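Structural features, examined
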Amino acid sequence: MEAETIANDGPTEAQKLRAEQTAEAAVEDSGNPPVPAPAPAPQDSGNTFRLFEDVAQAHDTMPIVSVSKAMVRFTLYETRTRFYVVGANADDTIFRVLKIDRTVDVGELSLTEDDAVYNRRQVLALLGTIEDGNKSTGFTKLLVAWGIVGFIRFTAGYYMSLITKRSIVALIGGHYVYHVDETQLLPITTGPTSRLPDRNSEEGRYLSIFQSLDLGKTFYFSYTYDITNTLQNNIIRTRAAAAAGPHTKVKTPKPIFNEMFVWNDHLLQGARTCLKDTTDWCLPIIHGFIDQAKLSVFGRAVYITLIARRSHFFAGARFLKRGVNDKGYVANEVETEQIVSDMLTMSFHSGKEGMWGNPRYTSYVQHRGSIPLNWSQDVTNMSPKPPIEINVVDPFYSAAALHFDDMFRRYGAPCVVLNLVKERERTPRESLLLTEFTACIEYLNQFLEEGRKIQYIAWDMSRASKSRDQEVILTLECIAEQVLEETGFFHNGGSPTPEARAAGQRIMKLQHGVVRTNCIDCLDRTNAAQFMIGKRALGHQLHALGIIDEPFVAFDTDAVNLLTEMFHDHGDTIALQYGGSHLVNTVEGYRKINQWSSHSRDMIEAVRRFYSNSFVDATRQEAINLFLGNFRVNKDKTKLWDLTNDYHLHHHDPRLPRTRRDYQMWWTPNNLKDCEEPPAMPKVKGRVEEKVLADHWTNVYKPVISSFQRVFAYNVNSSLRYLPPDVMQKEGREMDMSPFKIRAREVVQPKEIEKQKEKASKEKSFSLHRWLIHADPSISAVTEKTGSFHDSERSSEKEIKDEGKHEGKVTAIENILHTCSQPTVNEQEMQEYERYISYPQAQTITAVIATSSNKPHPEFTPYVDMATAKVESHGPKEEDLAVFQRYLDVPQEAMKMKSNLVSGIDSEEMVKKKYTAYQSWLKGRGMTVGRAAVKGGGKET
């Protein structure tokens, strides 16, 4: 993935100007006509779809503009009183200038757009003139940016946010989509406010909160493609406008960006009041997830693109934003679009079906969002699962009615609701919302006509995953097929006219309606369900493109493995943005694959999510409210960090008048109308078609010297990486490179397992304490060395293939069950075990008797011999021998005392003698008894 940065060094503008003037003088000396002065810019629409304006004008006037007008690079120059932003297009043939006044009063923004369009020589001459006029105060080049995010103000002057680093993430119809890697916030006023404020000041605290929202993570933009709308909406709207242009002389309208997904909408408000067209200079950015991968079908490239757009209405962290607000916007609302395109022709245009009629593009749209009820969870008790409270019980479900009416407006009918919350619980939590949401759908449906009702599917996915008699994946497959039959999917093509049908053109098919999936958090279970729906849609999309014969792709194929990885990244990203951690339950978990290895990962992610929700979400919510403009800084009002909650920032002010809808006619009639298919496109031929398509080739195929590592098409993820490593090494077998070939391990029959066990029992087997690894005896030597579950699994597969016993491989769960039922031990362990159980049987049982025995203990003799051998060379000392002898005699004396006690001696004397004998025995054991008596004949003490 290419990351583009530009250094600020290099030749000065004056040097460039002198070089250009020298070149101009050489041209004039050669007799060529001089370059004309800058001409006023044509009154274009300034949108990303300017191509169709040129198409419309091509029928009346010639020639048309053959290069893209979209500015992609912005160079910032600074003087003492102004900023100059010089914008350039992709091939550096068109330049425009924006002036920013730095001397205005604090709190004001002054932007002046130059109407002239310059070429390279002319803009260098302009910069040279500005440099000459500011020699005393200075004229410097600050930086080169790839886009302007917008302008923001807190308590002092304005700041300008610039994109300084980008990387390509997708290519859609010849239009690149970029990820924002780095941004820079630059103060644009002079004086004290031109410097960054103190961190402890009020301005500094707001600036710190604003910058805590990292724009370098999961924010995306495009210069020439509207990523805020779906592919279906973009093509239909643009085709309709282009078809109307040449006949009605109606100008192509500006792009209607979907405000719901424009996350920098608040930062663009200041520019809207100063500029004629904000999108010429400022880029709308979205927040969510974009990924693209290549499905290689025998050399035929099929691109799968996944776009997730997060709504900035009612946006926030997990426990702080739940349910729906009174405007009908739900928390964690994400629109996911799956685009599958055959890259045989990259452009959206087709010579047979006309402009924007390429039939090699398909898409399918899904939706996720919190349950549209007024509910919340209290996180003050630091519980990982706080109790659920329904705050407002509305018998008319007004907020839910607004939400579903907006769904009809955006996607049409039908709206299929897939509710995955729990049905049975010991302590009712999710089941409370299930009952209330079911009643809500029943109330809203009673006023809708047949065919337009909300289709409601409630299924306890969590309980099904723990049940032994229900398959989660199979149930989701059935639900996905049912949903696709209801909504269909978008397939681009020609207009449904009799002429098109007679010519054999592919007719456009539209998606009507959408599936809305939710669980309690709209994260883990929702992502698994959306993957299954996307998997089913992938089969239909590939079938429509003529790639496969049947509209179905199986698990454990390269195509589905590729889609699984994309949806896994998609779910992780959405979970990080809303919940603060990755997915806790993945698709593999619901497929019951790698449950042992994923259990620890799930626990870690659960702890991370709990920590984020408890300690980080409050700060993150403040940054979101400030960035989106939900909180407006006002010196006379409460500070952002002093708010007890942000309820009033996301709900309607009750002091203001509000129009209430009818409780029965809760929908807008126009929203339930079917989407009209666009009219036939006018065909362009000859030189006009070449000039119209010039924008596409200029944007994608830039005439610059590069390397494979910097080319997006070379670095894009591909299904070829999922091929087994030994697929090229199989001799005598035909290689199957198809991405639709099932590459799963097959189950070995029990008879084959028994044969392997009988053969391996003669050599070496597993021990009992390693039963969890594998039961296959033929691979015991490998697993004893590594001890790794996956390494032993791969080694077993290789050895079984080399021996040629069977083609399949034993699954992990069957090995575990087989080993538990028939554990084995090797010969060495068997000998150790027999010695262990026979040792107590070899020992004699002795009883304590009154008489003593002079026979030493069997283990005492070797010990004495060993000690004697160590002192033979030096010889024992006389005193040591005396002590040793006394040490041996003391136990015998103690036994004599015990015999006297038994024979009837006086009790008092027996006690004294017993105590004396015991004391002497103790002293003799410590090797300190009798030294004075042996040495000098003194008394013992």
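The structure displayed is predicted, hence computed values, not measured ones.

Details of helix H3 (residues 120-133)
With 14 residues, H3 extends 20 Å from end C-alpha to end C-alpha; this agrees with the ideal 20 Å at 1.5 Å per step. Among the residues of H3, those classed as buried are Arg-121, Gln-122, Val-123, Leu-124, Leu-127, Gly-128, Ile-130 and Glu-131. Two or three places before Arg-121, at the opening of H3, Asn-119 has a side-chain oxygen 3.3 Å from that residue's backbone nitrogen.

Description of unusual backbone geometry
At the junction of Ala-413 and Pro-414, the peptide bond is cis and its omega measures out at 5 degrees in the coordinates. Within the element layout of this structure, Pro-414 appears in the loop between helix H7 (398-411) and strand S19 (415-419). The phi dihedral of Asp-92 is positive, around 55 degrees, even though this residue is not glycine. If you trace the backbone, Asp-92 turns up in the loop between strand S4 (82-89) and strand S5 (95-101). The phi angle at Thr-218 is positive, at roughly 55 degrees, despite the residue not being glycine. Owing to a relative accessible area of 17%, Thr-218 belongs among the buried residues under this scheme.

Quick notes on the packing of helix H10 (residues 472-487) against helix H12 (residues 524-544)
Angle between the axes and distance between the axes are the two parameters that describe a pair of packed helices. Running from N to C, H10 and H12 point in directions that differ by 55 degrees, and their axes come no closer than 9 Å. Comparing the axis directions of H10 and H12 gives the class oblique. Helix-helix and strand crossings are classified by hand; for H10 and H12 the assignment is right-handed. The segment H10 lies against H12, with Ile-473, Leu-476, Glu-477, Ala-480, Glu-481 and Leu-484 engaging Ala-528, Ala-529, Met-532, Ile-533, Lys-535, Arg-536, Ala-537 and His-540. Residues of the contact of H10 with H12, tallied by class, amount to nine nonpolar, one polar and four charged.

Notes on the sheet that holds S4
Read from one edge to the other, the open sheet built from five strands follows the order S6-S5-S4-S3-S8, with strand pairing classed as antiparallel. With one partner strand each, in any of the chains shown, strand S6 (111-113) and strand S8 (140-145) form the two edges of the open sheet. Shown here is a sheet whose adjacent strand axes are inclined to one another by a mean of 25 degrees, direction ignored. Summarising the sheet, strand S3 (residues 71-78) and S4 pair through seven bridges and their orientation is antiparallel.

Examining the confidence of the model for the protein chain
Do not read the fine detail of predicted coordinates wherever pLDDT is low. Per-residue confidence for the protein chain averages 76 on the pLDDT scale, and 67% of its residues sit at or above 70. Here residues 746-753 scores under 50 on pLDDT; set against residues more than four positions off or in separate chains, the count is 15 contacts. Here residues 846-852 is a poorly scored stretch, pLDDT under 50, and it has five contacts once near neighbours within four places are set aside; other chains count.

Notes on the packing of aromatic side chains
One pass over the full model with this rule turns up 27 aromatic pairs. Plain terms: the ring middles of Tyr-178 and Phe-221 are 5.5 Å apart, the flat faces sit at 20 degrees to each other, and that makes the pair stacked. Placement of Tyr-178 in strand S11 (residues 175-187) and of Phe-221 in strand S12 (residues 219-221) is noted, with a sequence separation of 43 residues between them. Take Tyr-178 and Phe-221: they sit in the same class, and that class is buried. When the ring of Phe-437 is compared with that of Tyr-456, the centres are 5.7 Å apart and the planes differ by 85 degrees; the resulting orientation is edge-to-face. Of this pair, Phe-437 sits in helix H8 (residues 430-445) while Tyr-456 sits in strand S20 (residues 455-458), and the two are 19 residues apart along the sequence. Over the face of the ring belonging to Trp-641 we find Arg-205, whose NZ or CZ atom lies 4.0 Å from the ring centre. Over the face of the ring belonging to Phe-555 we find Lys-535, whose NZ or CZ atom lies 4.8 Å from the ring centre.

The rules behind the values
- Along each chain, the written sequence defines residue order, and numbers are assigned to residues from 1.
- Thresholds applied to this predicted model are a pLDDT of at least 70 for local features of residues and 80 or more for the giving and counting of side-chain atom pairs; totals over whole chains, interfaces and linings are not thresholded and use all residues.
- Only hydrogens and water are set aside when side-chain values are computed; all heavy atoms of the structure are taken into account.
- To qualify as a helix, a DSSP run of H or I must reach at least 4 residues; to qualify as a strand, a run of E must reach at least 2; elements of each kind are numbered from the N terminus.
- Any helix carries an expected span of 1.5 Å times its number of residues minus one.
- The buried label applies to any residue whose accessible area, calculated with a 1.4 Å probe on protein chains only, is under 20% of its type's maximum; exposed applies above 50%, and partly exposed to all values in between.
- Two N or O atoms count as a polar contact when they lie within 3.5 Å, although within protein this holds only if one can serve as hydrogen donor and the other as acceptor, and sequence-adjacent residues are included solely when both atoms are side-chain atoms.
- Axis lines are fitted to C-alpha atoms, over the contacting stretch for helices. Their N-to-C directions set the angle, which ranges from 0 to 180 degrees.
- Here roughly perpendicular refers to angles of 65 to 115 degrees, roughly parallel to angles under 35, roughly antiparallel to angles over 145, and oblique to all remaining angles.
- The handedness criterion is simple: a crossing whose near helix is rotated anticlockwise from the far helix by less than a right angle is left-handed, and one whose near helix is rotated clockwise is right-handed.
- We call two residues in contact when some of their heavy atoms are within 4.5 Å.
- Residues are grouped as follows: Ala, Val, Leu, Ile, Met, Phe, Trp, Tyr, Cys and Pro are nonpolar; Asp, Glu, Lys and Arg are charged; all remaining types, including Gly, are polar.
- Any two strands between which DSSP finds at least two bridges are classified as paired.
- pLDDT expresses how confident the predictor is about each individual residue, on a scale running from 0 to 100.
- To pair, rings of Phe, Tyr and Trp, with the six-membered ring standing in for Trp, must have centres within 6.5 Å; the planes then decide the type, stacked if under 30 degrees apart, edge-to-face if over 60, and tilted in the middle.
- Put simply, a charge is over a ring when the Lys NZ or the Arg CZ is close to the ring centre, within 6 Å, and near the line of the ring normal, within 35 degrees.

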